[in-house]
Amino acid sequence: MNIRGSILVVGLGSVFALVLPGLFYAGDQQHLVIYALIGLLGVCGATAAILWTIRLERKAKRLDELDHLKSEFVSRVSHELRTPLTTIKALTRLLLRGEVREQKQREYLETISIECDRQIDLILNLLDLSRIEGGVFRIDLERVEVDDVIASCVKGEIAAAERRRHKLEVKTFGPLPPICSDPKHLRRVISNLIENSIKYTPDGGLISISAEAEAGNVAIRVTDNGRGIPKEDLSILFDKFYRGRPAPHSAAMNDAATDEEFLEDADMSGVGLGLYLARDVMKRMGGRISVETEVGKGSTFTLHLPIWNAGSSINTISEMSVNAETIARS
Ligand code: ADP
């Protein structure tokens with residue numbers, strides 16, 4: 001029975017239980033009171049049943065929504081796994097035929113390597129998500145040199161940036177103090193921010209990575225002159241599975257474009273986990289992530305991380321941690 005049906009039943013029940021005995025009862029007053037009390041109990045019971053039904057219906061609705069979200073997520077992940085695999089398979093076949101010129105061979109191998117990295121990133125993100133949700137996500141905090149981490153992230157993204165004719169530049173202001181962080185996770189957060197800048201900036205853009213010491217922290221910034229993020233999306237930007245649509249002026253955006261068509265666009269591929277994981281990991285490392293952005297002009301994502309303090313209690317967490325990573329990006 002649905003909520004409206006339940007309310008109707010309780011309404012009618014109340015009339016029968018409370019009003020009718022009063023109208024037609026000809027016996028003594030004492031019995032009338034007893035009947036009324038029994039009726040009242042019945043009404044209370046029915047009301048409680050209605051409230052329970054409402055609660056169950058709400059829960060069922062929420063479960064339906066989650067189920068829908070999960071199906072959508074599974075289909076996105078499958079798509080994200082299938083697309084690079086199709087490319088890898090096609091290029092491998094061409095290479096195996098042995099008819100490809102040497103220069104093309106190199107190009108194909110680079111593409112295969114990039115597609116493999118995309119898959120590894122996705123799998124690592126999925127593993128992190130499942131560890132966070134299962135309460136077994138571990139952070140190994142240690143003394144980290146910011147320059148080294150930035151240099152290794154930039155090195156890993158040069159090929160992808162070149163493919164989109166982006167300029168990647170690195171600026172550091174003054175000598176940087178060491179920070180307290182998990183280098184493996186920090187590298188993934190920064191790489192993800194650079195990858196997003198590469199993805200969401202039209203070809204030939206400028207992506208700049210900078211770092212400077214700021215009041216007990218080191219701020220690492222990834223700035224692009226890409227499409228920017230609409231203001232109304234900022235409150236959900238770091239939510240799990242959030243995926244934006246192209247900015248209104250973008251070539252990829254037209255009125256007829258559906259979400260599926262947008263997600264099909266290989267350059268915009270993703271599952272909406274990167275920023276969610278970045279925020280979570282930053283919190284666990286005692287830092288935070290913020291964004292400044294303007295549609296059509298670009299975005300700056302800033303990571304604030306605490307400076308390494310040899311005696312600090314937060315640093316000691318690393319001693320208990322176990323490094324359980326099994327898949328590593330080469
Ligand atoms: P994904 O890239 O897989 O969609 P993320 O969590 O990394 O997942 O990003 C979520 C969304 O935030 C993206 O879909 C995109 O709309 C928006 N976004 C992230 N970084 C940028 C950026 N540098 N410029 C514009 N939009 C961005």
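Each chain has its residues counted from 1, following the order in which its sequence is written. pLDDT decides what is reported in this predicted model: residues at 70 or higher carry local features, side-chain atom pairs at 80 or more are listed and counted, and totals for whole chains, interfaces and linings draw on all residues regardless. Derived side-chain values reflect all non-hydrogen atoms in the structure, with water molecules and hydrogen atoms excluded from consideration.

Visitor: Can you help me understand unusual backbone geometry in this one?
Guide: Peptide bonds are trans in most cases, and residues, glycine excluded, mostly fall at negative phi. With phi around 55 degrees, Arg165 is a residue other than glycine that occupies positive phi space. Per the convention used, a helix needs a DSSP run of H or I reaching at least four residues, while a strand needs a run of E reaching at least two, with both numbered from the N terminus. Note on placement: Arg165 falls in the loop between α4 (146-163) and β2 (167-173). Taking relative accessible area as the criterion, Arg165 reaches 59% and is therefore assigned exposed. You will see that Phe241, though not glycine, has its phi angle at about 70 degrees, which is positive. The residue Phe241 is located in the loop between β5 (217-224) and α6 (259-264) in this model. Per-residue accessibility, obtained with a 1.4 Å probe over protein chains only, is compared with the maximum for each type, and a residue is labelled buried under 20%, exposed over 50%, and partly exposed between these values. Residue Phe241 is classed as buried on the basis of its relative accessible area, which comes to 19%.

Visitor: Would you take a moment to explain the side chain of Ser299 for this structure?
Guide: Within the secondary structure, Ser299 sits in strand β7 (residues 298-306). Here Ser299 falls in the buried class, since its relative accessible area comes to 6%.

Visitor: Before we go on, may I ask you to explain helix α3 (residues 102-133) in this structure?
Guide: An α-helix turns once every 3.6 residues. As a result, residues three or four positions apart point the same way. To estimate how far a helix should extend, the number of its residues minus one is multiplied by 1.5 Å. With 32 residues, α3 extends 47 Å from end C-alpha to end C-alpha; this agrees with the ideal 46 Å at 1.5 Å per step. Just beyond α3, the residue with positive phi is Gly135, at close to 70 degrees.

Visitor: In this structure, what is going on with the packing of α3 against helix α7 (residues 274-284)? I would like to understand it.
Guide: Two packed helices can be described by the angle between their axes and the distance between those axes. Lines fitted to the C-alpha atoms define the axes, with helices restricted to the stretch that makes contact. Angles between their N-to-C directions range from 0 to 180 degrees. Interhelical geometry of α3 versus α7 gives an angle of 55 degrees and a closest axis separation of 11 Å. Regarding the angle of α3 to α7, the classification is oblique. As α3 runs across α7, the sense of the crossing is left-handed. Between α3 and α7, the residues in contact are Asn125, Asp128, Leu129, Ile132 and Glu133 and Tyr276, Leu277, Asp280 and Arg284, respectively. Residues are sorted three ways: Asp, Glu, Lys and Arg are charged, Ala, Val, Leu, Ile, Met, Phe, Trp, Tyr, Cys and Pro are nonpolar, and all the rest, Gly among them, are polar. Split into classes, the residues belonging to the contact of α3 with α7 amount to 4 nonpolar, 1 polar and 4 charged. Geometric relationships in this document are graded by angle, where less than 35 degrees denotes roughly parallel, more than 145 denotes roughly antiparallel, 65 to 115 denotes roughly perpendicular, and other angles denote oblique. In this scheme the handedness of a crossing depends on how the near helix is turned from the far one: anticlockwise by less than a right angle means left-handed, clockwise means right-handed. The contact rule is simple, with two residues in contact once any of their heavy atoms fall within 4.5 Å.

Visitor: For this particular structure, what's the right way to read the site of the ligand?
Guide: The ligand sits among 21 residues. The nearest are Asn196, Lys199, Tyr200, Arg243 and Leu275. In the model, an oxygen atom of the ligand is placed 2.9 Å from a nitrogen or oxygen of the Lys199 side chain. Between the ligand and the protein, one listed contact pairs an oxygen atom with a backbone N or O atom of Val271 at 3.0 Å. When the free accessible area of the ligand is taken as 530 Å², the share hidden by the protein chains comes to 97%. Every element with two or more residues in the shell around the ligand is listed here: α5 (183-199), α7 and β7. For the shell around the ligand, the element with the highest residue contribution is α5, accounting for 4 residues. In terms of residue class, the shell around the ligand is made up of 8 nonpolar, 9 polar and 4 charged. Note on terminology: near, applied to a residue and a molecule or strand, indicates that one of the residue's heavy atoms is within 4 Å of it. Think of a polar contact as two N or O atoms within 3.5 Å of one another; within protein, one of them needs to be a possible hydrogen donor and the other a possible acceptor, and neighboring residues in sequence only count if both atoms come from side chains. Each accessible area is a Shrake-Rupley estimate made with a 1.4 Å probe; only the visible protein chains count as cover when residues are assessed.

It is worth stressing that arrangement in space is one thing and function is another; only the former is reported here.
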